[in-house]
Every structure is written in structure tokens, then in C-alpha cells.
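Notes for the structure review
Residues per chain, in single letters:
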Number of protein chains: 2
Amino acid sequence: MNASISPADGPFPSPGHDHSHCVETAIARAERLCAERGARLTGLRRQVLELVWQSHGPIGAYDLLDRLRGLRSGAAPPTIYRALDFLIEQGLVHRIARLNAFVGCDHPGAPHQGQFLICTACGSSAELVEPEIAGAIDRGAAALGFRVDTRTVEVTGLCPRCQSR
Amino acid sequence: MNASISPADGPFPSPGHDHSHCVETAIARAERLCAERGARLTGLRRQVLELVWQSHGPIGAYDLLDRLRGLRSGAAPPTIYRALDFLIEQGLVHRIARLNAFVGCDHPGAPHQGQFLICTACGSSAELVEPEIAGAIDRGAAALGFRVDTRTVEVTGLCPRCQSR
DNA sequence: GCTCATATGTTATAATGTAACGCCCATGAA
DNA sequence: TTCATGGGCGTTACATTATAACATATGAGC
Ligand SMILES: [Zn+2]
Ligand SMILES: [Zn+2]
Ligand SMILES: [Zn+2]
Ligand SMILES: [Zn+2]
């Protein structure tokens, strides 16, 4: 068995990895971070975060809503969007603009903006943390006198597994 | 008067610049490029391209549609989206995912993907062409064995003019 | 218990994007 | 000339994504 493979076994984890362990770890980190900050990770918000993590890739708000309805019968779009707003504010979830979809942050706690590699074959994504990308962006912006606030970097292509098929 | 200021007077042009000249130049370049390629820049497609350029910043599909209806009474969403699909295929227009909006390409002809600086104060945008950004992305992707297809780079912040207010 | 702020439930609607079908017209083969 | 072909576009309907507005509940602190 491979249940001992940690969630840190790579940004594009092998398909047989113990994903439930990833979910548990993410929830535990989220609870610790929110406790430290005095942010209220309520039952609903934790459920939504779990659903985000249970998906093996970026997931849309309405897909999340369908799954949440298995847990909370009355859930409606604002239910999901408000929970996602909180999770994004706390840096626990990122939104991928190109996909209109949401994904759990691999590096919560460290302030950063998401940089994503998105496989167009299998739909998986990986979060990149490359200061060089941000640096190159900042230099290009500075050359035009632009003051940078947020950086969206979303790259499509083929993940290692899908290249070899 | 400042009608002699060319569209090349900077990615964030002064507000009083002769924008109609930008539009004309863009249309002329588009006609030349499409003729070279055997692509059909029809009346509708040219009208949509003009409307995109007439906007001083990224513009949404439904805003374009409203304006197009002043020229073509029967226009409907597919009218706009089909024209935009063509213009994007031809590299004459870029889509900005964060904004769900469209903007004319400053560098048509040279194959590239858009990198954008978006001012959150005035709504203007500027296209960046920085091979270093693409290079940094490609290196980060290569380190994970990811094969890059497209790169979306969208930066928000303040343009020079809006910083000094 | 009371009060206030925050979180959530609920209904309706806005904003963005596509599917599907048919007509027209330019082109070229029969 | 006639007819098939294909692209471009009109048209209707619908799908998807997101938010506004207001009511209710919850929970901490007084
Ligand atoms: Zn992250
Ligand atoms: Zn893949
Ligand atoms: Zn461009
Ligand atoms: Zn500005």
C-alpha cells in the first residue's frame, strides 16, 4: 500500500496517493491558522474547505454546491460563494480565473499569490511558488512605472503523467 | 492640439491622446495581416474590432454587444462571441480572464500571449511583452516536468497616472 | 435575558457564455 | 446553368457563473 506517501510527494501527486491524508492535513493546518488569527472556521466553512480538497483538481462553485447539498440540504449559491470568499481571504483557497474554479492552497500561512500549472488533459493543477516569476513581472511593471498589487499566473499544458501517454 | 501623438506614445497613453488614430492604425494592421493570411476580416468582424479599440480599456462582451446594436439592430450574444473568437484566433484581440473582458492586441503579427497590467483605479490596461517572464515561468514549469502550452499573466495595480493622484 | 455583530438561510436576479438550427451567399464542380 | 459545399451570420433558447437583498439564526459579551 502507499498510505504512507505524504501530501508533499510532489505538486502532481501520483494517482494512487492517499488523498484523504492530504485533506486531513489541509484541514488541520487551516484550523491552526484560523485559531492563531482569531478567524472563525465555522462548520460550513470547514465543510466547503474539505470539499475543495476532496476534489483532485480545481472545482467549480456549482460542483461544490452539488456536493455540499449532500451534507446541507438547503445550500444555495450564496452559501458556497460566501464560504469561498472567507477561505480565499484567509489564503486557504485560490481561485483560478481561467477556469472559474477553486483549489486548495498548498502553502497556506506564507503570504503569496497563486501561480498555477493546469493540465489540459487530466484537469489536475499544481501550485508553483517561484519568486523569479514575481520578480520578472515586477521588473517589467516597474519599467512602465506600474505599481503592482496582485499577480495572476496561470499556465496550461501537460503534466508529467499526461505527457507520457 | 495633440493629434500628432502616435499610438506608440506609451502603453499607458495620456488621456488626451488621439485615440481615433490608434483605432485606425489597428484596423489597418488587421486588414493587412488578414489579407496576408487569407483570413476573412468581414464587415461584422471589423466593426467588432473597431468597437474593442474604441474602448479605452478592456471591455466586456455585453458592453460590446450594446454598442454593436447601434450599428446592427439584430445583434445577439453569439454575434459578438463569434466575432471575438475569430479576432482572438488571429491574435488581434486578447481576452483578460480576471475581468471577463477583451482588449485589442498592441503587437499583432508577432506570435505571443498577452501579459497585462491592469489599473484598478482607472480600468486601463497595458500589454507587456517580457520574454523574461515567460522564461521564468518555463523554468518553473520545467522543474516540475510540466510541458507549457499557454501562459496567462494578469497583474493588477496602479498605472503611473493613478499613482500620482 | 439583552444586544450587537457575524454567519447563514432564502429568494430572486444579474452577468457571462454556448448549443442548435436555418438562411444566405460565394465558390466551384458537374 | 444547376447543384452541392462550406463559411458566416441571424435567431431562439438555454447553460453556467455570480451577486443583491432581505430574513433568520447563532453566539459572544454585557
Ligand atoms: Zn497558495
Ligand atoms: Zn495531466
Ligand atoms: Zn498582444
Ligand atoms: Zn490608472
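Residues numbered from 1 in each chain as written. Chains lettered and ligands numbered in written order. Predicted model: local features only at pLDDT ≥ 70, side-chain atom pairs only at ≥ 80, totals over all residues. Heavy atoms only, no water.

**Description of the coordination of the zinc ion (ligand 4)**
All names here are of chain B.
- All of the protein donors around the zinc ion (ligand 4) are Cys119 (SG), Cys122 (SG), Cys159 (SG) and Cys162 (SG); their distances to the metal are 2.2 to 2.4 Å.
- One can describe the site at the zinc ion (ligand 4) as tetrahedral: its four donor atoms subtend angles covering 105 to 114 degrees at the metal.
- The exposure class of Cys122 is partly exposed, given its relative accessible area of 41%. (Donors = N, O, S within 2.8 Å, 3.2 Å for Na, K, Ca; no water. Tetrahedral: all angles 85-135°; square planar, octahedral: opposite > 155°, others 65-115°. Buried < 20%, exposed > 50% of the residue type's maximum accessible area, 1.4 Å probe, protein only.)

**Examining the environment of Leu51 of chain B**
All names here are of chain B.
- Along the polypeptide, Leu51 turns up in helix H2 (residues 43-54).
- Residue Leu51 is classed as buried on the basis of its relative accessible area of 7%.
- The sequence separation of Leu51 and Leu158 amounts to 107 residues, and the corresponding C-alpha distance is 25 Å.
- Apart from the residues within four sequence positions on either side, Leu51 is in contact with Leu64, Arg67, Leu68 and Leu71. (Helix = DSSP H or I, 4+ residues; strand = E, 2+ residues; numbered from the N terminus. Contact = heavy atoms within 4.5 Å.)

**Some details on the interface of chain B and chain A**
- Across the boundary between the two partners, chain B contributes 34 residues, which contact 34 residues of chain A.
- Regarding the contact of chain B and chain A, the summed buried area is about 2900 Å², with carbon and sulfur atoms giving 62% of it.
- Summed over the shared surface of chain B and chain A, the number is two salt bridges.
- A salt bridge links Glu132 of chain B to Arg139 of chain A; the nearest nitrogen and oxygen atoms lie 3.3 Å apart.
- Along the contact surface separating chain B from chain A lie 16 residue pairs in polar contact (both at pLDDT 80 or more).
- With twelve residues, strand E5 (residues 147-158) of chain B is the largest single contributor of residues to the side of chain B that touches chain A.
- Here the residues of the side of chain B that touches chain A are counted per class, giving 19 nonpolar, seven polar and eight charged. (Buried area = accessible area lost by both parts, 1.4 Å probe. Salt bridge = Lys/Arg side-chain N within 4 Å of Asp/Glu carboxyl O. Polar contact = N/O pair within 3.5 Å; in protein donor to acceptor, adjacent residues only side chain to side chain. Nonpolar A, V, L, I, M, F, W, Y, C, P; charged D, E, K, R; others polar.)

**Observations concerning the packing of aromatic side chains**
- Per the counting criterion, the structure on display carries four aromatic pairs over all chains.
- Centre to centre, the rings of Phe12 of chain A and Phe146 of chain B are 5.8 Å apart; their planes meet at 5 degrees, and the pair counts as stacked. Residue Phe12 of chain A is located in the segment before helix H1 (19-37), and its partner Phe146 of chain B is located in the loop between helix H5 (131-143) and E5; the two belong to separate chains.
- Classification of Phe12 of chain A by relative accessible area gives buried; the value is 18%.
- A cation sits over an aromatic face here: Arg45 of chain A above Phe86 of chain A, 4.0 Å from the ring centre. (Phe/Tyr/Trp six-rings, centres within 6.5 Å; stacked < 30°, edge-to-face > 60°. Lys NZ or Arg CZ within 6 Å of the ring centre and 35° of its normal.)

**Description of the packing of helix H1 (residues 19-37) of chain B against H2 of chain B**
Residue and element names in this part refer to chain B.
- Running from amino to carboxyl end, H1 crosses H2 at an angle of 145 degrees, the nearest separation of the two axes being 9 Å. Here H1 runs over H2; the crossing is right-handed. Residue-level contacts link His19, Cys22, Val23, Ala26, Ile27, Arg29, Ala30 and Glu31 of H1 to Arg46, Leu49, Glu50, Trp53 and Gln54 of H2. (Axes fitted to C-alpha atoms, helices over the stretch in contact; angles between N-to-C directions. Left-handed = near helix turned anticlockwise from the far one by under 90°.)

**Examining the sheet that holds strand E4 (residues 125-128) of chain A**
- What the six strands build is an open sheet, ordered E4(A)-E3(A)-E5(A)-E5(B)-E3(B)-E4(B); its pairing is mixed. Taken across any chain shown, the strands that pair with only one partner, and hence form the sheet edges, are E4 of chain A together with strand E4 (125-128) of chain B. Strand-to-strand twist in this sheet, taken as the mean axis angle between neighbours without regard to direction, amounts to 20 degrees.
- Summarising the sheet, strand E3 (residues 115-119) of chain A and strand E5 (residues 147-158) of chain A pair through five bridges and their orientation is parallel. Bridging across to E5 of chain A, Ile118 of chain A finds its partner in Thr156 of chain A.
- Docked against the sheet, helix H5 (residues 131-143) of chain A engages E3, E4 and E5 of chain A together with strand E3 (115-119), E4 and E5 of chain B, running at close to 130 degrees with respect to E5 of chain A. (Pairing = 2+ DSSP bridges.)

**What about the protein's contact with DNA strand C?**
- Of all residues adjacent to DNA strand C, which total 17 residues, the nearest are Thr42 and Arg82 of chain A together with Tyr62, Tyr81 and Arg95 of chain B.
- Arg72 of chain A has a polar side-chain atom sitting 3.1 Å from a phosphate oxygen of DNA strand C.
- Looking at the surface near DNA strand C, the elements that each hand over two or more residues are helix H2 (43-54) and helix H4 (77-89) of chain A together with helix H4 (77-89) of chain B.
- Among the elements that take part in the surface near DNA strand C, H4 of chain B stands out by supplying four residues, more than any other.
- Among the residues forming the surface near DNA strand C, the class breakdown is seven nonpolar, four polar and six charged. (Near = heavy atom within 4 Å.)

**Overview of the protein's contact with DNA strand D**
- With respect to spatial proximity, 17 residues lie near DNA strand D, and among them Tyr62, Tyr81 and Arg95 of chain A together with Thr42 and Arg82 of chain B are the closest.
- Restricting the count to atoms of DNA strand D within 4 Å of the protein gives a sugar and phosphate share of 45%.
- Side-chain polar atom of Tyr62 of chain A to a base nitrogen of DNA strand D: 2.4 Å apart, as the coordinates give it.
- Taken together, the elements giving at least two residues each to the surface near DNA strand D come down to H4 of chain A together with H2 and H4 of chain B.
- Broken down by element, the surface near DNA strand D gets its largest block of residues, four residues, from H4 of chain A.
- A per-class count over the surface near DNA strand D returns seven nonpolar, four polar and six charged.

**Concerning the relation of the copies chain B and chain A**
- Note on the identical chains: chain B maps onto chain A by a rotation of 180 degrees and an axial translation of 0.0 Å, with an RMSD of 0.0 Å. The transformation relating the two chain copies, once decomposed into turn and shift, fits a two-fold axis. When each C-alpha of chain B is compared by its distance to the rotation axis, Val153 of chain B comes out closest, at 2.4 Å. (Least-squares fit on C-alpha atoms with pLDDT ≥ 70 in both.)

**As for the domain arrangement of chain A**
All names here are of chain A.
- Per the domain assignment, the segments of chain A are domain 1 (20-104) and domain 2 (115-163).
- A separation of 22 Å is found between the C-alpha centroids of domain 1 and domain 2.
- Every contact between the two is made by ten residues of domain 1 and, on the other side, eight residues of domain 2.
- Summed over both partners, the interface of domain 1 with domain 2 comes to about 690 Å²; 60% of that surface belongs to carbon and sulfur atoms.
- On the domain 1 side of the contact with domain 2, His94, Ile96 and Arg98 bury the most area, a combined 55% of that side's loss.
- Connecting domain 1 to domain 2 are zero salt bridges. (Domains from an automatic or database assignment.)

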